[in-house]
Amino acid sequence: MFSYRHAFHAGNHADVLKHLVLVQLLRYFAQKDSPYWYIDTHAGAGAYALDGDWAGKTAEFESGIARLWTRDDLPAIVADYVEEIVAFNQDEFLRYYPGSPFLAARAMRDRDRLRLFELHPTEIEVLRSNFRGQGKDEARRTMIYAADGFEGLKALLPPPTRRGIVLIDPSYEDKRDYARVVECLGEALKRFATGCYAVWYPQVSRRESQQLAGRLARVPARSWLHVTLTVRKPSSDGLGLHGSGMFIVNPPWVLEAALKDAMPWLTRVLAQDAAAAFSLDGRQA
Ligand code: SAM
């Protein structure tokens, strides 16, 4: 269970899709003055060095964020996302990549709150040390729990502000994660029906992955949006990630149109072969 390290995958095509959506959710929530909570059930290390031993070894970011870095024809929401990655780097070179916790930390105001869960004994230490350098204000609004995010989420819902974004982003190395995600979302909706939830999942050659979106669509949510980005055909040995999906419950109403605009471009630019494609569907309240 503890072999997964997100650093190997930081900035890949799946991170691009996940973080592109996350940046839009955060920006949408910051449009209103009233405070909100951001809860990350699977936080990872928070930030990654792309020239480090791990990310540098697999170089997955080269077919992800690196393909967007120098483009001057970015659709609006892709530009918003790239702007966040640029802000995380000190110069024009792509050296660092923010994970979801730091994307959220940058977007949040003093009155907002950040709640992060991470179970890996090493990742949690890196996450804590990454946040330690952030100063008092950040420390005041952030809580990091060395705990199971599926379980821990329940106790935080509903957030006192009654406004919140929850990112559910397991690694799915343990195939029970597929069932746990569905169960976790169902439980969370009972406690906080108006929350905005974003579930990331991998497109891999396994039944649980192919069935997940269908199962998520059956949770009792008023509205949802489901976007997938496939970058290549599945490999013949059935290994590896050929794409990913984001299932967003109670999405901002502007998100669907923004994705409709961006996904054809993103699919073209991140394509690894002719099987590259996207899908977008949803249910409106
Ligand atoms: N959300 C991060 C981001 O976007 O930057 C990436 C998270 S990574 C895909 C999944 C993380 O969940 C890993 O760091 C793993 O150690 C952690 N993890 C696995 N099972 C967990 C659990 N039950 N509760 C909390 N964290 C868990």
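Below you will find a few notes about this structure. Note that the structure is a prediction, hence the values are computed from the model and not measured.

### Looking at the pattern of salt bridges
Phase 1: Inspection of the entire model under this criterion finds 18 salt bridges.
Phase 2: Residues glutamate 123 and arginine 5 are paired through a salt bridge, measuring 2.8 Å at the closest nitrogen-oxygen approach. Of this pair, glutamate 123 sits in helix 6 (residues 121-132) while arginine 5 is found in the segment before helix 1 (13-29), placing the two residues 118 residues apart along the sequence.
Phase 3: A relative accessible area of 4% places glutamate 123 in the buried class.
Phase 4: You can call arginine 5 buried: its relative accessible area is 13%.
Phase 5: One salt bridge connects aspartate 33 with arginine 111, and the closest N-O pair in it is separated by 4.0 Å. A residue pair is termed long-range when its members are at least 10 positions apart, and aspartate 33 in the loop between helix 1 and strand 1 (37-40) and arginine 111 in the loop between helix 5 (100-107) and strand 4 (113-117) qualify at 78 residues.
Phase 6: A relative accessible area of 63% places aspartate 33 in the exposed class.

### A look at unusual backbone geometry
Phase 1: Here the residue pair leucine 157 and proline 158 is connected by a cis peptide bond, since its omega of -5 degrees sits within 30 degrees of zero.
Phase 2: Structurally, the position occupied by proline 158 is in the loop between helix 8 (149-156) and strand 6 (164-168).
Phase 3: One non-glycine residue, arginine 162, lies in positive phi territory at about 60 degrees.
Phase 4: Position of arginine 162 among the secondary structure elements: in the loop between helix 8 and strand 6.
Phase 5: Arginine 162 gets classed as exposed once you look at its relative accessible area, which sits at 53%.
Phase 6: A positive phi angle, near 55 degrees, is found at asparagine 250, a position not held by glycine.
Phase 7: By the secondary structure assignment, asparagine 250 is in the loop between strand 9 (243-249) and helix 11 (255-270).
Phase 8: On the basis of relative accessible area, asparagine 250 is assigned to the buried category, the value being 15%.

### As for the sheet that holds strand 7 (residues 196-203)
Phase 1: Sheet architecture is open: 8 strands sit in the order 5-4-1-6-7-9-8-10, paired in mixed fashion. Unpaired on one side and paired on the other, strand 5 (142-145) and strand 10 (277-283) mark the two borders of the sheet. Put simply, the sheet's adjacent strands are angled 10 degrees from each other on average, direction ignored.
Phase 2: As defined by bridge partners, strand 6 adjoins strand 7 across 4 bridges and the pair is classed as parallel. Paired with valine 166 across the strands is tyrosine 197, a residue of strand 7.

### Observations regarding the environment of aspartate 273
Phase 1: On the secondary structure map, aspartate 273 appears in the loop between helix 11 and strand 10.
Phase 2: What makes aspartate 273 partly exposed here is its relative accessible area of 26%.
Phase 3: When the C-alpha atoms of aspartate 273 and lysine 136 are compared, they prove to be 47 Å apart, with 137 residues separating the residues in sequence.
Phase 4: Not counting the four nearest positions on each side in its chain, aspartate 273 is found in contact with Val231, Arg232 and Lys233.

### Regarding the site of the ligand
Phase 1: Of all residues adjacent to the ligand, which total 19 residues, the nearest are His19, His42, Ser100, Glu118 and Asp169.
Phase 2: One of the side-chain N or O atoms of lysine 18 is found 3.2 Å from an oxygen atom in the ligand.
Phase 3: Burial of the ligand by the protein chains amounts to 98% of its free accessible area of 610 Å².
Phase 4: Of all the cavities here, the one that holds the ligand is the largest pocket.
Phase 5: Of the residues in the shell around the ligand, the class split is 5 nonpolar, 9 polar and 5 charged.

### Observations concerning the pairing of strand 4
Phase 1: For strand 4, the buried fraction is high: 4 of the 5 residues fall into the buried class.
Phase 2: One ladder, built from 4 bridges, connects strand 1 with strand 4; its direction is parallel. When the bridges of strand 4 are listed, aspartate 40 appears paired with leucine 116.
Phase 3: Sheet analysis places strand 4 next to strand 5, joined by 4 bridges and oriented parallel.

Scoring rules and cut-offs
- Residues numbered from 1 in each chain as written.
- Predicted model: local features only at pLDDT ≥ 70, side-chain atom pairs only at ≥ 80, totals over all residues.
- Heavy atoms only, no water.
- Salt bridge = Lys/Arg side-chain N within 4 Å of Asp/Glu carboxyl O.
- Helix = DSSP H or I, 4+ residues; strand = E, 2+ residues; numbered from the N terminus.
- Buried < 20%, exposed > 50% of the residue type's maximum accessible area, 1.4 Å probe, protein only.
- Pairing = 2+ DSSP bridges.
- Axes fitted to C-alpha atoms, helices over the stretch in contact; angles between N-to-C directions.
- Contact = heavy atoms within 4.5 Å.
- Near = heavy atom within 4 Å.
- Polar contact = N/O pair within 3.5 Å; in protein donor to acceptor, adjacent residues only side chain to side chain.
- Areas by Shrake-Rupley, 256 points an atom, 1.4 Å probe, with all protein chains shown as cover.
- 1 Å grid on protein atoms, 1.4 Å probe; cavity = no way out; pocket = protein on both sides within 12 Å on 5 of 7 lines; lining within 4 Å.
- Sits in = over half its atoms within 2 Å of the grid points.
- Nonpolar A, V, L, I, M, F, W, Y, C, P; charged D, E, K, R; others polar.

No statement about biological role is implied by the geometric values presented.
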